[in-house]
Amino acid sequence: MREVITLECTECKRRNYTTSKNKKNQRERLEIKKYCKFCKEHTNHKETK
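Residues numbered from 1 in each chain as written. Predicted model: local features only at pLDDT ≥ 70, side-chain atom pairs only at ≥ 80, totals over all residues. Heavy atoms only, no water.

You'll find the chain entered in an unreviewed UniProt entry as Large ribosomal subunit protein bL33, with Orenia metallireducens given as the organism. The UniProt entry for the chain carries this comment under Sequence similarities (unreviewed entry): "Belongs to the bacterial ribosomal protein bL33 family." (UniProt positions renumbered as here; feature names shortened; annotations may be inferred.)

Here is the structure:
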């Protein structure tokens, strides 16, 4: 049931990270604060399609 998703920086819109989540248990889009090497700071990263 786990699917691979990509995370996109909300500041520069680059896709930096991949992770997995269980879509059956977690319906809403994932949003995590992670380090962006292009912005050189911690920013929010949202799940993309």
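*Asks:* So what about the side chain of histidine 45? Which residues, and what values?
*Replies:* Turning to its location among the elements, histidine 45 is positioned in strand S4 (residues 41–47). Of the polar contacts made by the side chain of histidine 45, one reaches the backbone oxygen of threonine 43; its length is 3.1 Å. (Helix = DSSP H or I, 4+ residues; strand = E, 2+ residues; numbered from the N terminus. Polar contact = N/O pair within 3.5 Å; in protein donor to acceptor, adjacent residues only side chain to side chain.)

*Asks:* Hey, could you go over the pattern of salt bridges for me, with residue numbers and the actual values?
*Replies:* In this structure the tally under the stated criterion is three salt bridges. For lysine 23, the salt bridge is made with glutamate 3, and the minimal N-O distance between the two is 3.6 Å. With lysine 23 in the loop between strand S2 (15–22) and strand S3 (31–36) and glutamate 3 in strand S1 (residues 2–9), this residue pair connects regions lying 20 residues apart in the sequence. Glutamate 8 serves as the salt-bridge partner of arginine 15, at 3.7 Å between the closest nitrogen and oxygen. (Salt bridge = Lys/Arg side-chain N within 4 Å of Asp/Glu carboxyl O.)

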